[in-house]
Amino acid sequence: MSGFDRSHRRLRWLMLAPALGFVGLMIIFPLLFTLHLSFTDAFGAVNAGKGYDGGQNYLDALGDGRRFWPAVWRTVYFTVGAVVIETILGLAIAMLLRKPFRGMRVVRSVLMVPLLATPVAIGILWLLILDPTNGIANHLLGALGVPPQEFLGSVSQSLPVLMLIDVWQWTPMMALLLLAGLSTLPEEPEEAARVDGATSWQRFRHVILPGLWTTLMTALVLRAVDALKTFDILYATKGPGGGSDFEVETLNVYAYGLTFDYQEYGLAAAVLVLFTLFIVGVVVLLRRRSREASA
Amino acid sequence: MNRTLWTALRALAITVVCLIIAMPVVWMIAAAFKTNVQVTDPTVGLVFSPTLENFRTVLADGEIVRSLGNSALVGIVSTVLSALIAVPAAWAVGRFRMHSTGSLVLVARIVPAISLLVPWYYLFAQLGLVGSYTVLVLSHMFVSVPLILWIMIGFFEGLPIELEEAGHVDGLTAFGAFRRIALPLAAPGTATASVLAFIFSWNNFMFALILSDEDTKTMPVTLFNFISYASTDWGGLMAAATLMTLPVLVAAVLGQKYLVAGLTAGATKG
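Once a new chain begins, its residue numbering starts again from 1 and follows that chain's sequence as written. Here every chain gets a letter starting at A, and every ligand a number starting at 1, in the order they are written. Only residues with pLDDT of at least 70 are given local features in this predicted model, and only at 80 or more are side-chain atom pairs given and counted; all residues enter the totals for whole chains, interfaces and linings. Hydrogen atoms and water are omitted, and side-chain values are computed over all heavy atoms in the structure.

1. A look at the overall build of chain B
Think of it this way: any DSSP run of H or I at least four residues long counts as a helix, any run of E at least two long counts as a strand, and we number them from the N terminus. Along chain B, the regular secondary structure elements total 14 helices and 0 strands. Projecting the C-alpha coordinates of chain B onto the three principal axes gives extents of approximately 75 × 70 × 30 Å. Expressed as a percentage of the 270 residues in chain B, the buried residues total 53%. Considering only contacts within chain B whose residues lie at least 6 apart along the sequence, 72% involve residues at least 24 apart. Working note: accessible area of chain B is about 11700 Å², and carbon and sulfur atoms make up 70% of it. Working definition: with a 1.4 Å probe on protein chains only, accessible area under 20% of the residue-type maximum means buried, over 50% means exposed, and in between means partly exposed. Whether two residues are in contact is decided by their heavy atoms: any pair within 4.5 Å suffices. Values of accessible area rely on a 1.4 Å probe in the Shrake-Rupley scheme; residue burial ignores everything except the protein chains shown.

2. Comments concerning the overall build of chain A
Looking only at helices and strands, chain A features 12 helices and 0 strands. When its helices and strands are written in sequence order, chain A yields α-α-α-α-α-α-α-α-α-α-α-α. Seen through its principal axes, chain A has C-alpha atoms that stretch 80 × 75 × 30 Å. Per-residue burial over chain A gives 55% buried out of 295 residues.

3. Focus: the interface of chain A and chain B
Of the residues lining the interface, 89 residues belong to chain A; the matching set on chain B comes to 86 residues. Buried surface area refers to the total accessible area, computed with a probe of radius 1.4 Å, that the two partners give up upon joining, counted for both partners together. Buried surface at the junction of chain A and chain B, both sides included, amounts to about 8000 Å², of which 81% is carbon and sulfur. When the area that chain A buries against chain B is broken down by residue, the three leading residues are M15(A), L116(A) and L128(A), summing to 9%. By definition here, a salt bridge exists when the distance from a side-chain nitrogen of Lys or Arg to a carboxyl oxygen of Asp or Glu is within 4 Å. Linking chain A with chain B are 1 salt bridge, by the criterion used here.

4. Considering the confidence of the model for chain A
Across chain A, the average pLDDT comes to 90, with 96% of residues at or above 70. Highest mean pLDDT in chain A belongs to helix α3 (residues 68-97) of chain A (96); lowest belongs to helix α1 (residues 3-37) of chain A (85). Confidence scores here are pLDDT values: one per residue, from the predictor, ranging 0 to 100.

5. Looking at helix α7 (residues 158-183) of chain A
All names here are of chain A. In this scheme, a helix's expected span is set at 1.5 Å multiplied by one less than its residue total. Taking 1.5 Å per residue, 26 residues should reach 38 Å; α7 reaches 38 Å between its end C-alpha atoms and fits that length. Fitting axes to the seven residues ending at a residue and to the seven starting there, one defines the bend at that residue as the angle between these axes. At W170, α7 shows its largest kink, close to 40°, and the proline P172 lies no more than four residues downstream. Counting buried residues in α7 gives 23 out of 26 residues, a clear majority hidden from the surface.

6. Let's talk about the environment of A30(B)
Residue and element names in this part refer to chain B. Here A30 shows up in helix α1 (residues 2-32). The spacing of A30 and T242 is 212 residues in sequence and 9.4 Å in space, taken between C-alpha atoms. Once residues within four sequence positions are removed from consideration, A30 is found in contact with L46 and F48.

7. Concerning helix α14 (residues 256-263) of chain B
Within α14(B), burial applies to Q256(B), L259(B), V260(B), G262(B) and L263(B). In a view along the axis of α14(B), the buried residues occupy a sector of 160°, so they form one face of it. Turned more than 90 degrees away from the buried face of α14(B) sit K257(B) and Y258(B), all of them exposed. In this structure, the buried residues of α14(B) make contact with α4 (104-116) and α7 of chain A together with α7 (133-158), α10 (187-203) and α13 (234-254) of chain B. Directions pointing from the helix axis toward each C-beta atom define the arc.

8. Side note on the packing of aromatic side chains
For any pair of aromatic rings, the description consists of the separation of the ring centres together with the inter-plane angle of the planes. A pair of Phe, Tyr and Trp rings is counted when the ring centres sit within 6.5 Å of each other, with Trp represented by its six-membered ring. The angle between the planes then sorts it: under 30 degrees is stacked, over 60 is edge-to-face, the rest tilted. The full count for this structure, using the stated rule, is 21 aromatic pairs over all chains. Judged by centre distance (5.4 Å) and plane angle (75°), the ring pair of W126(A) and W168(A) falls under edge-to-face. Here the residue W126(A) occupies a position in helix α5 (residues 119-129), and W168(A) occupies one in helix α7, the gap between them amounting to 42 residues. Overall, W126(A) belongs to the buried group, its relative accessible area being 13%. One aromatic cluster is present, built from ring pairs that chain together F231(A), Y235(A), Y256(A), F260(A), F205(B) and F224(B). Geometrically, a lysine NZ or arginine CZ counts as sitting over a ring once it is within 6 Å of the ring centre and also within 35 degrees of the ring normal. Against the face of F246(A) rests R67(A), its NZ or CZ located 3.7 Å from the ring centre. Sitting over the ring of W27(B), K34(B) keeps its end group 4.1 Å from the ring centre.

9. A short note on the side chain of S139(B)
With respect to the helices, strands and loops of the structure, S139(B) is situated in helix α7. The term polar contact refers here to a pair of N or O atoms within 3.5 Å; inside protein, the definition further demands a hydrogen-donor-capable atom paired with an acceptor-capable atom, and it admits residues adjacent in sequence only when both atoms are side-chain atoms. A distance of 2.9 Å separates a polar side-chain atom of S139(B) from the backbone oxygen of L136(B). If we ignore the near neighbours within four places in the chain, the residues touching S139(B) are M26(A), W120(B), F207(B) and L211(B).

10. Details of the pattern of salt bridges
Counting across every chain of the model gives 11 salt bridges over all chains. The salt bridge partner of R67(A) is E249(A), with a shortest N-O separation of 2.7 Å. Here the residue R67(A) occupies a position in the loop between α2 (56-62) and α3, and E249(A) occupies one in the loop between α10 (232-238) and α11 (251-261), the gap between them amounting to 182 residues. You'll find R67(A) and E249(A) in the same group, each marked buried. Residue R95(B) is joined to E164(B) by a salt bridge in which the shortest nitrogen-to-oxygen separation is 2.9 Å. With R95(B) in helix α4 (residues 62-96) and E164(B) in helix α8 (residues 161-169), this residue pair connects regions lying 69 residues apart in the sequence. A residue is classified by how much of its surface remains accessible, and E164(B), at 5% relative accessible area, is buried. One salt-bridge network, in which partners are shared between bridges, spans E86(A), D166(A) and R223(A).

11. Structural notes on a nonpolar patch on the surface
All names here are of chain B. Residues with no salt bridge and a relative accessible area higher than 30% make up the patches, which join like charges within 9 Å and nonpolar side chains (Val, Leu, Ile, Met, Phe, Trp, Tyr) within 5 Å. Side chains of L73, I76, V77, V80, L81, L84 and Y133 sit close together on the surface and give an oily, nonpolar patch of about 600 Å² of accessible area. Ranked by residues supplied to the nonpolar patch, first place goes to α4 with 6 residues. Position of L73 relative to the elements: it lies in helix α4. A relative accessible area of 39% places L73 in the partly exposed class.

12. Some thoughts on the environment of A31(B)
Along the chain, A31(B) turns up in helix α1. Judged by relative accessible area, A31(B) falls into the buried class, the value being 1%. Through-space distance from the C-alpha of A31(B) to that of W234(B) is 7.9 Å; in sequence the pair is 203 residues apart. Those residues in contact with A31(B) that lie beyond four places of it in its chain are L128(A), V39(B), N54(B), G235(B) and M238(B).

13. With respect to the packing of α4(A) against α7(A)
Residues and elements named next belong to chain A. All axes are obtained by fitting lines to C-alpha atoms, using only the stretch in contact for helices, and the reported angles, taken between N-to-C directions, cover 0 to 180 degrees. Here α4 crosses α7 at 130°, and the two axes come no closer than 7 Å. Comparing their axes, α7 and α4 come out oblique. Viewed along their axes, α4 and α7 form a crossing whose handedness is left-handed. Residue-level inspection shows M104, R108, L111, M112, P114 and L115 of α4 in contact with α7, the latter providing W168, Q169, W170, P172, M173, L176 and L179. In this classification, Asp, Glu, Lys and Arg are treated as charged, Ala, Val, Leu, Ile, Met, Phe, Trp, Tyr, Cys and Pro as nonpolar, and every other residue, Gly included, as polar. Here the contact of α4 with α7 is composed, by residue class, of 11 nonpolar, 1 polar and 1 charged. Angles below 35 degrees are treated as roughly parallel, those above 145 as roughly antiparallel, those between 65 and 115 as roughly perpendicular, and all remaining angles as oblique. By definition, any crossing whose near helix is turned counterclockwise from its far helix by less than a right angle is left-handed, and any crossing with a clockwise turn is right-handed.

Structural data, given as structure tokens:
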């Protein structure tokens, strides 16, 4: 190895070390600490646990049909619903915007607003729009002959409404990602299919979609991870516990409440470990599916 | 004829999509310029005589002004520090194909933030740092460093390596090639990544909710505390929310091309 290569090798670690060290320190100790906490009965203070409890927290969480399992189902409902709708609408919008047109710059700016705007501010603006008595939403529905809705004031409507707000906020991101993916597709296969007489649906189904698959799956993974962890907008609109009847209490909101409202550090840590494993499982599953499909 | 019809339909569809996306935000901004009587009257649409009263009230509120200042301070400091450590690291990963180290970015993105917050709180409480700007900056850097890394790895990979090799031939060290050749070329990417990192810090709610105190709390936390007054002062709340969203709107309009490239970086390759 020449001296130049050696200095290169030293340099690249030097360049990498601060960032890697920072992220590593901020993540490794906390994860180990959370894992440790999850096996203690720490309550009130993180160091209040009296030794290991042999996984009692995990049994408590998994046997809890009142808060834990409903939170799991809400998380699944919210994530699957939001991500599926966002993917379909995002794909449709990306196809719509694909061919260049005047005003693309404006449209791109508009698309970026919901995903860059502060989630708490978004929560507040939807509270105004969906206000049961004074909001514009019921006013517009009334004009269509639909009776007034409670929206976020109702136990049964809150989660679907918040899911639709998530759709409003994140469909543009999906569209932008897929648009970027579409722009990398070569034109020849599509032209060839056109020459061979394929309809536009056939070209979409058999040429464009397979070409877009990698981007689609990457976008799906990123969006699913963020949707599973949604917190700001749920907490901002419904407050602690996800509402009076825990109606929007997802796993993240539940873990937050256990930790910071009830100081149930041991149980909270167990829920967080299960939640993390759940997210990792979803990511692994989606990535394997995408690899199988592209192979 | 058929073609013209399609073009018209497409234009219509694009317009509808844009309206659905933009209208809620437009409604918020409009509400910020309404009196409280007008805000709660849904028959008052977008045509009314605007008032600046809500902004006057909000800007006279020391708590809101200080929170906006705190958000700006934490956002700027955390972004600058993150760029300082993440850009060189991204160059190293991109140039020397050290992609296994890049997977740390993915881990940082997957782990639920709450599982980090308790240990952070415990650790920083021992150091007497809870409630300080330091701890807010550090927690926000935890989001910004992986974000900038993610965007910049792709950016450096896209730069032709020949330029740096030419630098070596001309007698530059490897670091010299980074500093004098790669870094200037990466300036647009660095700017994009930094703007995005600032926006994500500006928007961050959960970290400040736990780690800040009365004096250091950032705008999303203050805004959240104001929600309980919603029914009595919608106008003020909307003005505060509008002020919070303003920098983001400006960035979206001015930097749309670069920000879209930054946001979608890394998604189009396997």
